[in-house]
There are 2 protein chains.
Amino acid sequence: MKTYDLALIGFGGVNRTLAEIIATRGDALHSELGFGLRVVAITDLRLGSLVQAEGIDIDMALNIGANETFADHGGSRDTNNEAVIRSCTADIVCEATFTNPDDGEPAVSHVRWALESGKSVCTTNKGPVALRGPELSALAAGNGVHFEFEGAVMSGTPVIRLAKKMFAGLKIDGFEGILNGTSNYVLGRMESGLDLDAAIREAQDLGYAEANPAADIEGYDVRLKVLILANQLLGADITLQDVSCEGISSLTRDDIEQAARKGLRWKLIGSAKRSKNGAVTAGVKAVAVPLAHELAGISGATNAVSFNTDLLGPVMVSGPGAGRVETAYALLSDIIAMHHTSEVPSHA
Amino acid sequence: MKTYDLALIGFGGVNRTLAEIIATRGDALHSELGFGLRVVAITDLRLGSLVQAEGIDIDMALNIGANETFADHGGSRDTNNEAVIRSCTADIVCEATFTNPDDGEPAVSHVRWALESGKSVCTTNKGPVALRGPELSALAAGNGVHFEFEGAVMSGTPVIRLAKKMFAGLKIDGFEGILNGTSNYVLGRMESGLDLDAAIREAQDLGYAEANPAADIEGYDVRLKVLILANQLLGADITLQDVSCEGISSLTRDDIEQAARKGLRWKLIGSAKRSKNGAVTAGVKAVAVPLAHELAGISGATNAVSFNTDLLGPVMVSGPGAGRVETAYALLSDIIAMHHTSEVPSHA
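Please read these numbers as outputs of a predicted model, since none were measured by experiment. (Residues numbered from 1 in each chain as written. Chains lettered and ligands numbered in written order. Predicted model: local features only at pLDDT ≥ 70, side-chain atom pairs only at ≥ 80, totals over all residues. Heavy atoms only, no water.)

Q: With reference to specific residues and values, describe the relation of the copies chain A and chain B.
A: Aligned on chain B, chain A shows an RMSD of 0.0 Å; the corresponding rotation is 180° and the shift along the axis is 0.0 Å. Accordingly, the operation relating the two chain copies is best matched by a two-fold axis. (Least-squares fit on C-alpha atoms with pLDDT ≥ 70 in both.)

See the structure below:
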């Protein structure tokens, strides 16, 4: 049976959890999915790098001491990302470093090095997909390898592949989504009576919001996801500057209460729409929607996208939009999709 | 390029609309999907049957006069279902006759004749899938052909294939769904102040409810769908008698109002759950759910299923659950799935 060798680039929550899933459920996955997974390289800013073509001991890597690096386990204190990615024997590179919303680096380079050296890539990183997606997809196609990134939009909840595979034969002419759980949670808490700052602090205490909540509250995170969906699913050819962006930071409890009196509820909605002439307009904006609106009932940290299709009208999917396990599953789902689509070129 | 020859069994709303889609969008589908579609046989209780291996003129069939039958166009006044299904040159039989909730006939026989004669089948008919699904799937597998039935649950909204394909690697241990648009519409109107009978009459006027609304109101329609989903997605091996069933006919406006005062909303929910010992329990029941429940916001005639998964928690899909065009698309989506899965055996 086929075994895919993986390189894990960035060994934070997502790739650590993928490694845990492989360690604890690998045998079950093997028999269920028809392929095995083996980790042959790991790089990480703190831990350095480790390359073992015969397979890394995942338990060792997961339990490495706070004062240790991979140098203490036969590897290097340096990440050596370019050398590791280009020359390791991995078939698939799992890129899960931090999102850089400005130029996508260093993840863009990680993806490029992998594709150039004939390795398939799965990533949960919005940066490379939003800012360099079409270019990297073309590079993958030119090298006969896969580039999958389901986790860049709603973690493991299927959105991109759902629309591409399950809606075959339909025309999608637009979508509306709640694509950021933190801001949706904050709006819900404001509806319950908190003011914006208190709601943000609560979200931070719960681990939803970052110390700097601007990416969530100002809509920047949603903007990247709207850009990805517009280019992937509407065939748009737009850049970040084409996606208008307003967050929820100017909303007051008074706005929330006034809306409630009119049977409306504020939601931060990312949307895109193809007009009759084919042009795609896309943006992020707080909208007071009627309670009967399909996104009105999406509460807490849940995310959702409603696609407008020609033959079915609106079809919506909702589920988690974040989380360690949920995002690690996105990588696994990418690998499953590669396995089913065509041969993943081997580098063993 | 591949062309699939179709036999349309039952030429009512669904198969007529499939024929319209082929006639009006066939060329676009051809270039987009990589295959063509041609109708080589039609049978219908009123119109009789017509078999033309070189392709039936769809415009003629769609515009046949109220006093005409296929006998006036080179066919027969008789349906001749067994002979047509067994001996026509179709690659795929599209079964869209009426649902018989007792024994699934005559649709079960239609499907069996097709599979036995080496033809693939797609159907939107709940009867054969709910009552004879595993047996017919085994017959298809034994004959090397396809048996697809996405439209039997939520018309064109992907549910069965979504769970099977998009949730690969996940364990689904249960689902809850709103699987009947008529009863959901009626509950919404009762919340707006109508009593049950008035709400049903309104649903009938809008074309949602049948003259005899029992299948919708008593939960029988949902029961068939729960049976299908439990057997298909939870690996249950249960029959209709194993699915408990209570409808909404005993609900009064007072029940609705009392629930509303407690922040609850009545929904007719079909569900199934796998217990720790592997047994699956399934049923249909009106439940007063909290407004924050993910199914609480599913309004009007919309349907939805929320799957409980191990790695993602609840993931929900919602969309139309009925409609001529929506259900015809389900057949098209079945054909697309066959095309992508493996070769569809040819009978030309």
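Q: Tell me about the sheet that holds strand β5 (residues 120-123) of chain A, residues and numbers included.
A: Residue and element names in this part refer to chain A. Across the sheet, which stays open at both edges, the 6 strands sit in the order β3-β2-β1-β4-β5-β6 with mixed pairing between neighbours. The open sheet is flanked by β3 (48-51) and β6 (147-148), the only strands paired with a single partner. With 8 bridges connecting them, strand β1 (residues 2-9) and strand β2 (residues 35-44) associate as parallel partners. If you follow A7 over to β2, its bridge partner there is A41. Running at roughly 170° to β1, helix α1 (residues 13-33) makes contact with β1, β2 and β4 (92-95) of the sheet. Most of the contacts of helix α13 (residues 324-341) go to β5, to which it runs at about 150°, and overall it touches β1, β2, β4, β5 and β6. (Pairing = 2+ DSSP bridges. Helix = DSSP H or I, 4+ residues; strand = E, 2+ residues; numbered from the N terminus. Contact = heavy atoms within 4.5 Å. Axes fitted to C-alpha atoms, helices over the stretch in contact; angles between N-to-C directions.)

Q: Kindly report on the sheet that holds strand β6 (residues 147-148) of chain B, identifying the contributing residues and their values.
A: The strands that make up a sheet are held in pairs by hydrogen bonds between backbone atoms, and each pair lies either parallel or antiparallel. All names here are of chain B. Strand order across the open sheet formed by 6 strands is β3-β2-β1-β4-β5-β6, with mixed pairing between neighbours. Each end of this open sheet is capped by a strand with a single partner; those strands are β3 (48-51) and β6. Inspection of the sheet shows strand β2 (residues 35-44) paired to β3 by 4 bridges, in the antiparallel sense. The residue of β3 that forms the bridge with D44 is G48. Seen against the sheet, helix α13 (residues 324-341) touches β1 (2-9), β2, β4 (92-95), β5 (120-123) and β6 and runs at an angle of roughly 150° to β5.

Q: Describe the interface of chain A and chain B, and please don't skip the residues or the numbers.
A: Facing the 33 residues of chain A at the interface are 33 residues of chain B. Note on chain A versus chain B: buried area summed over both sides is about 2,800 Å², and carbon and sulfur give 62% of it. For the pair chain A and chain B, the number of links is 2 salt bridges. Ionic pairing is found between R25(B) and D310(A), a salt bridge with its closest N-O pair at 2.7 Å. A total of 7 residues in the side of chain A that touches chain B trace back to one element, the largest contributor, which is strand β12 (residues 313-320) of chain A. Here the side of chain A that touches chain B is composed, by residue class, of 20 nonpolar, 6 polar and 7 charged. (Buried area = accessible area lost by both parts, 1.4 Å probe. Salt bridge = Lys/Arg side-chain N within 4 Å of Asp/Glu carboxyl O. Nonpolar A, V, L, I, M, F, W, Y, C, P; charged D, E, K, R; others polar.)

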